[in-house]
Every structure is written in structure tokens, then in C-alpha cells.
Amino acid sequence: MTEAELSALDAEIADCFACPRLVAWREEVAVTKRAAFRDQHYWGRPVPGFGPADAEIGILGLAPAAHGGNRTGRIFTGDRSGDVLVAALHRAGLANQPLSVSADDGLEYRHVRMFAAVRCAPPDNKPLPEERDTCATWLHRELELLRPTLRVVVALGGFAWQAWWPVMTRVYGVRPPVPRPKFGHGALVSRPGVPHLLGCFHVSQQNTFTGKLTPAMLDDVFAEAKRLARI
């Protein structure tokens, strides 16, 4: 596995036009913009994963935010969710700085790579099932490249949790458990030959502003991820 292979995949992802509804939305947002960012250039394309090619920990999200990743071109960058997540990774020693503002801000992850189940920002942050299934090809190809070192995947929210089950079959050749384990914060699924799956409430403002997800809860999840990844 080389950085070059992952970079080539990232370039393919960024040039995807497979889902007409998502293409139209991401491009509309990039033109209309949010008032606070009206002078900025929006990425307006699919957002690739971010992090080293030999990561032991994967963080699986839902999709880029319309004015976050869709603006900056980097996952969990430039929005409140990214602020919370990257601050937690920094506290865990998995990021070199506590802020994720722009694609050129110098952020580096240690042992961690982030990727989303859907690579384009969806309207109302709700991808359609067919969009999820179409985009799953990118997730599967990325995880094939990460397979040699990946030991644990943190699923941010129920959508990401559900997106993992096809990965088990397509990438690892392992049948998912039946019935499917229920998502929950701190829920853990371990199967031989497959990375551990660790549940975490999504770092959305809905969760962080209401106290459903606290910094201490995030710290506990990443401490457990590090333990499972043996780092």
C-alpha cells in the first residue's frame, strides 16, 4: 500500500458525477454560498478521505457539510462538527493541532484516517438510499487500500454504523452478524478478520449543543479506539 495509490483514488473521487441530485446541490451551494463565506471559493466537489495511508484507526462519517467540507475540500473542516472532532483527536494525541479550518492549515493526523459513507454534501444532510449505495464503491475501494493496517473503525452516528455492514462482506469477505447489532455510543462489534467497529454519537451541533455528546464522551471513545488499535 502506498500513499500514491490512495492519492490516485482521492483524485478519482473528487471527479465523480454519478449522482445528479448531489451534483446539482453541491454546485448550487458553491455558487449561492453562505453570507459569512461569500468572498471564499467553494470546493463544490466530492470530498475525499484525509489521513495517512497506514492508519490503524478509521473514522467513518455520514457526508460532508454543505458549508464545511463542500467549501474547504477537506472532510470535517471549516464547521462546528469538525471543530469538536479535531479538538478531541488532538487531546487524544491523534492530531497535531486542535483546529481544522482550511485544507492548507497544516493539520496532520497520526494513526487516523477519516472518510465518509457519502462523499458529496446532500440536501438537508440526508442522502437517498440509492446515493448511499452508489457511493459505497468509493468507501469499499478506500478500505481495500487501508486494509493492511486498519484495526478499528469509529462510526459517527447510525448512518455510518449501517454503512459498515456491506464493507464486511465486500472488503473482508465476512458475513455481518444477524440480527445486526444496535448502534449506540460506545457500542462495540468485534469479529475475527475484520476491524473492530466502535459506535460514537455524531459530532453534529444537535448532539454537542444539547449535551447528548460531551467532550468527555468523545475522549472515552478515542481512548478505547487507541486501545483496540494497540497504539
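Everything here concerns the structure above.
Residues numbered from 1 in each chain as written. Predicted model: local features only at pLDDT ≥ 70, side-chain atom pairs only at ≥ 80, totals over all residues. Heavy atoms only, no water.

This part takes up the sheet that holds strand β2 (residues 112-116). The sheet built from five strands is open, its strands ordered β2-β1-β3-β5-β4 with mixed pairing. The open sheet has two edge strands with one neighbour each: β2 and β4 (188-189). Both β4 and strand β5 (residues 196-200) contribute to a ladder of two bridges, which runs antiparallel. Paired with leucine 188 across the two strands is leucine 198, which belongs to β5. Running over the sheet, helix α8 (residues 215-229) touches β1 (57-61), β3 (152-156), β4 and β5 and is turned about 175° from β5. (Pairing = 2+ DSSP bridges. Helix = DSSP H or I, 4+ residues; strand = E, 2+ residues; numbered from the N terminus. Contact = heavy atoms within 4.5 Å. Axes fitted to C-alpha atoms, helices over the stretch in contact; angles between N-to-C directions.)

This part takes up the packing of helix α1 (residues 3-14) against helix α5 (residues 129-146). Running from N to C, α1 and α5 cross one another at 175°; their axes reach a closest spacing of 10 Å. Judged by the angle between their axes, α1 and α5 are roughly antiparallel. In contact with Glu5, Leu6, Leu9, Glu12 and Ile13 of α1, α5 contributes Trp138, Arg141, Glu142, Leu145 and Leu146. Looking at the contact of α1 with α5, its residues break down into six nonpolar, no polar and four charged. (Parallel < 35°, antiparallel > 145°, perpendicular 65-115°, else oblique. Nonpolar A, V, L, I, M, F, W, Y, C, P; charged D, E, K, R; others polar.)

With that out of the way, let us pick up the pairing of β1. Among the five residues of β1, five are classified as buried, and the element is accordingly described as predominantly covered. Neither face of β1 is left uncovered, since the one carrying Ile57, Ile59 and Gly61 and the one carrying Gly58 and Leu60 both have all their residues buried. Pairing of β1 with β2 involves five bridges; the strand directions are parallel. Its bridge partner being in β2, glycine 61 is matched across the sheet by alanine 116. Relative to β3, β1 is paired through four bridges, and the arrangement is parallel. Across the sheet, residue leucine 60 finds its bridge partner in β3, namely alanine 155. (Buried < 20%, exposed > 50% of the residue type's maximum accessible area, 1.4 Å probe, protein only.)

The contact between helix α4 (residues 80-91) and α8 brings their axes to 9 Å, and the two run at 55°. When the axes of α4 and α8 are compared, the pair comes out oblique. Regarding α4 and α8, the two cross each other, and that crossing is right-handed. Where α4 abuts α8, its residues Val84, Leu85, Ala88, Leu89 and Arg91 lie against Pro215, Leu218, Asp219 and Phe222. (Left-handed = near helix turned anticlockwise from the far one by under 90°.)

Evaluation of the coordinates by the stated rule reveals zero disulfides. No disulfide involves cysteine 19; its nearest neighbouring cysteine sulfur is the one of cysteine 16, lying 6.4 Å away. Judged by its relative accessible area of 12%, cysteine 19 falls in the buried class. (Disulfide = S-S within 2.5 Å.)

Take the side chain of glutamate 131 next. In this fold, glutamate 131 is placed in helix α5. Apart from the residues within four sequence positions on either side, glutamate 131 is in contact with Cys19, Arg21 and Leu22.

Under the defined criterion, the tally for this structure stands at five aromatic pairs. With a centroid separation of 6.2 Å and 45° between ring planes, the pair formed by tryptophan 164 and tyrosine 172 is classed as tilted. On the basis of relative accessibility, which here comes to 1%, the residue tryptophan 164 falls in the buried class. Through a chain of ring-to-ring contacts, three or more aromatic side chains come together here, namely Trp161, Trp165, Phe183 and Phe201. When the ring centre of phenylalanine 17 is taken as origin, the NZ or CZ atom of arginine 26, which lies over that ring, is 4.8 Å away. (Phe/Tyr/Trp six-rings, centres within 6.5 Å; stacked < 30°, edge-to-face > 60°. Lys NZ or Arg CZ within 6 Å of the ring centre and 35° of its normal.)

This brings us to the environment of leucine 22. Structurally, leucine 22 can be placed in helix α2 (residues 20-32). With relative accessibility at 2%, the residue leucine 22 sits in the buried group. Separated by 99 residues in the primary sequence, leucine 22 and alanine 121 place their C-alpha atoms 6.8 Å from one another.

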